Structure formats: C-alpha cells, structure tokens
Amino acid sequence: MTRHAPSAKMGRLATAAVFATALEWFDFLVYATAAALVFNELFFPSVSPVAGTLASFATLAVGFVARPLGGVIAGHVGDRFGRKPPLVASMLLMGVSTFAIGILPGYDSIGVWAPILLVLARLVQGLGVGAQWGGAALLLTEHAPIERRGFYGSLVQTGAIVGAVAGNLFFLVLSATLTDAQFGSWGWRIPFLSGLFLVLIGAYVQMKIEDTPVFKQMQQESADSKREAGLRKAPLVEAVRRNGREIIQAAGAFFVVNATFYILISGVLNYATDTVGMSRTSILWCVMVAGLTQVVSMPFFGALTDRMGTRKKLYLTGTVLMGLFAFPLFWLIDTGSVPLVFIGLLIAFTIHATMYGPQAALYAEMFPADVRFSGASLGYQFASVFAGGLAPFIMTALLAATGGSWSVATYIVACAVVTFVSVVTIRERFRRDLYETSSDVQAREAATS
C-alpha cells in the first residue's frame, strides 16, 4: 500500500482541507467578533454594559463547552469508520447552526427566547467545530510524506487563521459601509448567512476526497482474522485507558495557544474599543492584518520542525516567549497608538505560530493509529473549554475586578506555565510511523522488556 499521497494529490487534499477548515472557523469565529461588538446590546439589553458583555462572552464560551462532546463523538466515529465521515458531518452541523444565528430575532422581538435560541445554536456550532479539527488534521498528516508532515499539518491550522481573518474583514467592511444603526439591526447577520456554503463544501469532500491510507490499512487488518491489529470497537475507551497521559499532555499543551488566540481575536477587540478608546475600525484592521501573517508564519514553523528534527523544542520556545511577552503586549495596547498596537499584535501572533504551526503533527505523532482521532481530539477540545472560549470572559472579568490589563497578562503567564509543564513531559516521537497501532506498540514494548 502507498505510504503517502503523491504531490499532486497532496495539493488537492491540502486545498480542500484548508478551504473547509477556513469556512468552518469563519462560521465559528464570526460569533466571537459579534459577541465582542453587538450581541451584548442585541440579546442582553436589560442589564448593565459590563454584565451584557460578560453574558455575551458567556454565550461564546457555550460553544467551547460543547466542543469536547463533538470531539468525543467524532473521535469514536473517526477511529471506527474513517477520518472523513465526522469531517463532513461537522460541516453540515456548523453550516445549519450558523445560518440559524443569522436569522435569529433579537431580545426586543421575542424576549428571553432570543438568548435561549442563541445558546442552542451556539451549542450546535460547538459540536460541529469539535468534530472538525481531528478530521482535517489527520486527513493531511496521515496522507503526507513523513519528511513534510509538519508542513502539511500546519496548513490545517492556517485554515483557522484564514477563517478568523475573513470574519474580521467581513465585519470591517460592514462597519465601514453601514451606519451603527444598520450594523446593529441587520448588518451583523450577513456573515452568518454564509453558513450554507459549508453544506456545499461538505458534499464536495464526501464525493471527491478519499480516506487516509492509514485508516484503509486498519480496515484491511481488521478484515484479516489472522491479525490482531486494526479497528477497535471502543477506541475512546482504549485511548483513555492506554493513552490517558498523552491526552492530558495534549490538553495542557494547548492552554496558552488557545487562550492567547481568543484574547487576540476577540478579547482585545472589546478591550481596545471600550477601555483604551480605539475606534472599532482601527483595532479590527490591526487584528486582521497581524493575524493574517500567520498564513505564512505557521507553515514556515511547521516546515522548520521537519528540518529541525523536533517539534517539541520549538513549541517550548514559543511557550516561554509568550509568557515573557504577555506584559509588553498589553503595555503596547494600552498606548492606544495604532502602530504600537499593531506591532504588539504582530509579535504575539508570530509567537503563537511557533506553537500552533507544528501542533497537528505533534499531536498525530503522540497517538497510535487506532486511537489517534479520539486521543488528539480529546486533548485539543478539552483544552478549548478552559483556555479558549472562557478566555475573553475571564479577560473581561479580570479587567472589571482589577481595572488593569496586568491581570490579563498574568492570566496568559499562568496558561504558559501549564503549557510548558505539559509539553516538557511529552515523550516526543518525531516522524513516528503513523501506521503503528496500539497492538504494535504493545508488541514492541513486550519485546524490549
């Protein structure tokens, strides 16, 4: 069996995976922008501005609470039935729920049902995005040549950045072309209506993209009664039982990566406009352009780990740098100067790329083939609850309690400590044979004991 896809096929796979991921995260992350800018007034008009902002960011966090459940379901399906089915299903869930938010009436129209329905739609979004990452990441890493695994894995991550930047660009154009009244009334809905495009992309992936050679080999082995390796009936249980340590390490490794990402793309928008006094347009431009540089920096750092012979060392370097830069970042933002704010965000996004770029390959190499989807998804999605969706909420609460951005910088440092401890304890398996199953690992360990 072919051990990896030819370069032409890898190009098509990469294009499909990046485009699907960009649309999925565009839908998921326009919510973060809308939560920072309009949802507090539209769905929570009867409370104070601070309470409304907290409530708005709380609904943002609801999607992250649902992500582990989406990851659990997708992990089981992905390890039992293929990497592709949960990826397609995630697009359908995300597309429908995002469109529903776009047509949802506000509090003034249907009262308390407005925030209730908003939360329900956000929960479905969380299920969708929870199922998406593992499928897209494994689709590329399990097809990729072993010597370029870091590079191709990083392309999945760039899809998330493209989606986030596209979401900010959409809101930037709307803010520039509409009055505040028009934007608050109907303009914010336009990005959400794009959710239906994901249904079309899901159909394309279902019809045109093959499952990975790793999964196909496991299917073959399961069909051969002479082999013990292959598909497992309960991959989630097996992953927790045999790879619980790796799942915890993967979750911890994602703490500072995910927390800073949502602080940068959502929390900073609200802080810079409401506290620092910057215009909405200025801070959107700063976040959008600085974030867009990751489309180049993440593949660069992913490919760099292929050449370095390690992913762990670069990841640890980024973790330390993010902890060190947390306070200078907010010193620059607090100036309110557009050039200085942009420089601060640019440095932060670049540091972030040193970790997020090689992450897909690092996670793929941490788990054996038969529980890889379950293990990687669980680690990734559980971290997203505590250090993702809650980050803007925690940031707003810290600012309200302390009145100073130093508290948010301290929170970033704390997340960096968690990530450093988690990553430093990972047993790196650089360029691991991704066809290796749990049975292969057990046989090797028994032979060497």
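The model shown is predicted, which means the values in this text are computed figures rather than measured ones.

Colleague: Would you mind going over the packing of helix α6 (residues 113–141) against helix α17 (residues 338–366) with me for this structure?
Modeller: Relative placement of two packed helices is described by the angle separating their axes and the distance separating the axes. Where α6 meets α17, the axes come as close as 10 Å, and the angle between the chain directions of the two elements is 85°. Here α17 runs roughly perpendicular to α6, going by the angle between their axes. Two secondary-structure elements touch here, α6 through Trp-133, Ala-137, Leu-138 and Thr-141 and α17 through Ala-360, Ala-361, Tyr-363 and Ala-364. Looking at side-chain class alone, the contact of α6 with α17 contains seven nonpolar, one polar and no charged residues.

Colleague: Would you take a moment to explain the side chain of Arg-432 for this structure?
Modeller: As for its placement among the helices and strands, Arg-432 is situated in the loop between α19 (406–424) and α20 (438–448). Overall, Arg-432 belongs to the buried group, its relative accessible area being 8%. One polar contact links Arg-432 to Glu-436, side chain to side chain, over a distance of 3.1 Å. When neighbours within four sequence positions are excluded, Arg-432 is seen to be in contact with Ile-146, Arg-149, Glu-365, Met-366, Phe-367, Pro-368 and Val-441.

Colleague: Sorry, what's going on with the pattern of salt bridges here?
Modeller: A side chain with one charge can pair with a side chain of the opposite charge if their charged atoms come near. In the structure shown here, the tally under the stated rule is nine salt bridges. When the shortest N-O distance is used, the salt bridge between Asp-79 and Arg-83 registers 2.8 Å. Overall, Asp-79 belongs to the buried group, its relative accessible area being 0%. For Arg-83, a relative accessible area of 0% corresponds to the buried category. With its nearest N and O atoms 2.9 Å apart, the salt bridge here joins Glu-365 to Arg-149.

Colleague: How do you make sense of the packing of aromatic side chains when you look at a structure like this?
Modeller: Any aromatic ring pair is given by two values, namely how distant the centres are and how the planes are angled relative to each other. If you walk through the whole model with that rule in mind, you get 15 aromatic pairs. Where Phe-151 meets Tyr-152, the ring centres are 5.2 Å apart and the plane angle is 70°; that geometry is what we call edge-to-face. Classification of Tyr-152 by relative accessible area gives buried; the value is 9%. Between the aromatic rings of Phe-327 and Trp-331, the centroid separation amounts to 6.4 Å while the plane-to-plane angle is 50°, which identifies the pairing as tilted. One end of the pair, Phe-327, and the other, Trp-331, are both in helix α16 (residues 312–334), four residues apart, so they sit about a helical turn from each other. Here Trp-331 falls in the exposed class, since its relative accessible area comes to 57%. These aromatic residues form a ring-pair network of at least three members: Trp-133, Phe-254, Tyr-356, Tyr-363 and Tyr-380. Positioned over the ring face of Phe-81 is Arg-80, at 5.2 Å from the centre of the ring.

The rules behind each value
- For every chain, the first residue of its written sequence is number 1, and the numbers climb from 1 along that sequence.
- With pLDDT at 70 or above as the cut-off, local features in this predicted model cover only qualifying residues; side-chain atom pairs require 80 or more to be listed or tallied, and sums for whole chains, interfaces and linings still use all residues.
- Excluding hydrogens and water, the side-chain figures rest on all heavy atoms present in the structure.
- In this analysis an axis means a line fitted to C-alpha atoms, helices contributing only their contacting stretch, and an angle means the value between N-to-C directions, from 0 to 180 degrees.
- Put simply, DSSP marks the helices as runs of H or I at least four residues long and the strands as runs of E at least two long, and each gets a number from the N terminus on.
- Any angle that is under 35 degrees is reported as roughly parallel, and any over 145 degrees as roughly antiparallel; angles of 65 to 115 degrees are reported as roughly perpendicular and all others as oblique.
- Residue contacts are defined here by distance: any two heavy atoms, one from each residue, within 4.5 Å place the two residues in contact.
- The residue classification treats Ala, Val, Leu, Ile, Met, Phe, Trp, Tyr, Cys and Pro as nonpolar and Asp, Glu, Lys and Arg as charged. All others, Gly included, are polar.
- When a residue's accessible area, from a 1.4 Å probe over protein chains only, is under 20% of the maximum for its type it is buried; when over 50% it is exposed; and in between it is partly exposed.
- Polar contact is the term for a pair of N or O atoms within 3.5 Å; when the atoms are in protein, one must be able to donate a hydrogen and the other to accept it, and sequence-neighboring residues count only if both atoms are side-chain atoms.
- The salt bridge criterion pairs a side-chain nitrogen of Lys or Arg with a carboxyl oxygen of Asp or Glu, the two atoms within 4 Å.
- Any Phe, Tyr or Trp ring, taking Trp's six-membered ring, that has another such ring centre within 6.5 Å forms a pair; planes under 30 degrees apart are called stacked, those over 60 apart edge-to-face, and the others tilted.
- Sitting over a ring, as applied to charges here, requires NZ of Lys or CZ of Arg to be within 6 Å of the ring centre and within 35 degrees of the ring normal.

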